Amino acid sequence: MPIDPAKAVAAEPRSAEISWDHKDVQLYHLGLGAGVPATDPDELRYTLESRLHVLPSFATVAGAGMAVAGGLSAPGVDVDLAAVLHGGQTVTLHRPLPVSGRAVSTSRVAAVYDKGKAAVLVLRTEASDDDGPLWTNDAQIFVRGEGGWGGDRGPSERLPLPERAPDATVERPIREEQALLYRLSGDWNPLHADPEFAKLAGFDRPILHGLCSYGMTLKAVVDTLLGGDVTRVRSYRTRFAGIVFPGETLRVRMWAEEGRVQVTVTAVERDDATVLADTVVEHS
């Protein structure tokens, strides 16, 4: 079996120094569709260096995705990248992210679960600077065809939707070139840019990065229900339940609860096909 769960989890963590500045943050925000209208004071918080704040999902691209790249080459892990799917993502914030900074990012395989027809790797990255912990990222990676060894199936939480109308619903258009811009933040997978590669993967055209939809959704929640205050976000988790294409529109439905917002995201043009599910933003 290409995955040795015990060896993968026991492997020494990998560490690297990472850094970012306002240009990286601005590029990330622009890749999420920020800056429309360009002169809107609320949008300038995402695009103008003199007013800049940092959307917490920036933690998924700071250091150009070291966790996933490192985890898939960890001891005990030898998989076909064509069988890999990003199944879910959780970001936990230990304090607000600075506009510029340097940190040590440490990644490891935190768990390996047996889902029968697939294995799930939980790739954990923890980042700290001189002042202490900044964030913890958990990426849930499905590896098709690698399950069935009788291991722990792991959690399979599904969140039922509240039995009431959403407290807010917004729509966010995805520009035709948005995936081309978003990939400049570090995810160079040709699936999101090359039509021929996308066809080989079974799609009639390139698809948007799941983590772009993830960031767009958090921005929608912050702007709509958290007063535009990114520092209120404590954690953010989702399950990637479907694809979305550049040029489509995300419909973001939000239910406000005490200390959290539950969210579901669908693709408007494909009869509200589910894009993100089991999605929760915890906040102060």
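You'll find the structure just up there.
To start, this report covers the structure provided alongside it. (Residues numbered from 1 in each chain as written. Predicted model: local features only at pLDDT ≥ 70, side-chain atom pairs only at ≥ 80, totals over all residues. Heavy atoms only, no water.)

## Description of the layout of surface pockets
A volume near 230 Å³ is recorded for the second largest pocket. Lining the second largest pocket we find 13 residues, and of these Leu-32, Gly-33, Val-36, Arg-172 and Pro-173 sit closest to its centre. Only β6 (168-173) and α7 (210-225) provide two or more residues apiece to the lining of the second largest pocket. In the lining of the second largest pocket, the residues fall into six nonpolar, two polar and five charged. (1 Å grid on protein atoms, 1.4 Å probe; cavity = no way out; pocket = protein on both sides within 12 Å on 5 of 7 lines; lining within 4 Å. Points joined across faces, edges and corners; volume = space filled by probe spheres on them. Helix = DSSP H or I, 4+ residues; strand = E, 2+ residues; numbered from the N terminus. Nonpolar A, V, L, I, M, F, W, Y, C, P; charged D, E, K, R; others polar.)

## Thoughts on the nonpolar core
Trp-20, Phe-58, Leu-97, Trp-135, Val-222 and Met-254 are the most contacted members of the largest nonpolar core, which totals 51 residues. A total of eight residues in this core trace back to one element, the largest contributor, which is α7. Non-local contacts of Trp-135, meaning those with residues more than four positions away in its chain, are made with Ile-18, Trp-20, Ala-59, Ala-62, Thr-92, Leu-93, His-94, Leu-97, Thr-125, Glu-126 and Ala-127. Counting 15 residues, the second-largest nonpolar core is a separate cluster that includes Ile-3, Val-77, Val-79 and Ala-139. (Core = buried A, V, L, I, M, F, W, Y, C linked by side-chain atoms within 4.5 Å. Buried < 20%, exposed > 50% of the residue type's maximum accessible area, 1.4 Å probe, protein only. Contact = heavy atoms within 4.5 Å.)

## Digging into the pairing of strand β3 (residues 101-114)
Alignment of strand β1 (residues 14-20) against β3, held across seven bridges, turns out to be antiparallel. Across the sheet, residue Trp-20 finds its bridge partner in β3, namely Gly-101. In the sheet, β3 pairs with strand β4 (residues 118-129) via ten bridges, with the strands oriented antiparallel. Paired with Val-112 across the strands is Leu-121, a residue of β4. Linking two consecutive strands that pair antiparallel, namely β3 and β4, is a turn of three residues; a positive phi of about 90 degrees is found at Gly-116 within it. (Pairing = 2+ DSSP bridges.)

## Comments concerning the sheet that holds strand β9 (residues 260-267)
Taken in spatial order, the ten strands of this open sheet run β1-β3-β4-β5-β2-β7-β10-β9-β8-β6, and their pairing is antiparallel. Since the sheet does not close on itself, it has two edges, and those belong to β1 and β6, each with one partner. Strand-to-strand, the axes of this sheet are offset by a mean angle of 20 degrees, without reference to chain direction. (Axes fitted to C-alpha atoms, helices over the stretch in contact; angles between N-to-C directions.)

## Structural notes on the pattern of salt bridges
What the rule picks out here adds up to 17 salt bridges. Note that Arg-124 and Asp-138 form a salt bridge whose closest N and O atoms lie 2.7 Å from each other. One end of the pair, Arg-124, is in strand β4; the other, Asp-138, is in strand β5 (residues 132-144), with 14 residues separating them in the sequence. Residue Arg-124 is classed as partly exposed on the basis of its relative accessible area, which comes to 24%. Looking at Asp-138, the relative accessible area reads 14%, which means it is buried. For Arg-260, the salt bridge is made with Glu-257, and the minimal N-O distance between the two is 2.7 Å. The class of Arg-260 is partly exposed, set by a relative accessible area of 21%. Members of the salt-bridge network, linked through shared partners, are Glu-171, Arg-251, Arg-253 and Asp-272. (Salt bridge = Lys/Arg side-chain N within 4 Å of Asp/Glu carboxyl O.)

## Some words on the side chain of Gln-262
With respect to the helices and strands, Gln-262 occurs in strand β9. Accessibility expressed as a relative area gives 3% for Gln-262, which makes it buried. There is a polar contact of 3.1 Å between the side chain of Gln-262 and the backbone oxygen of Pro-160. Once residues within four sequence positions are removed from consideration, Gln-262 is found in contact with Leu-159, Pro-160, Leu-161, Pro-162, Arg-253, Met-254, Trp-255, Glu-257 and Thr-279. (Polar contact = N/O pair within 3.5 Å; in protein donor to acceptor, adjacent residues only side chain to side chain.)

## Some points on unusual backbone geometry
Of note, the bond from Val-36 into Pro-37 is cis; its omega dihedral lies within 30 degrees of zero at -5 degrees. Its location among the elements puts Pro-37 in the loop between α2 (22-31) and α3 (41-47). Phi at Asp-271 is positive, roughly 55 degrees, even though this residue is not glycine. By relative accessible area, which is 75% here, Asp-271 ends up exposed. A positive phi angle, near 60 degrees, is found at Asp-272, a position not held by glycine. With respect to the helices and strands, Asp-272 occurs in the loop between β9 and β10 (273-283). Among the residues examined, Asp-272 registers a relative accessible area of 25% and is labelled partly exposed.

## Focus on α7
With 16 residues, α7 ought to run about 22 Å at 1.5 Å a step, and its terminal C-alpha atoms sit 22 Å apart, in line with that. When you tally the buried positions in α7, you get twelve out of 16 residues, the bulk of the element. Burial in α7 covers these residues: Leu-211, Cys-212, Ser-213, Tyr-214, Gly-215, Met-216, Thr-217, Leu-218, Lys-219, Ala-220, Val-221 and Val-222. (Expected span 1.5 Å × (residues − 1).)

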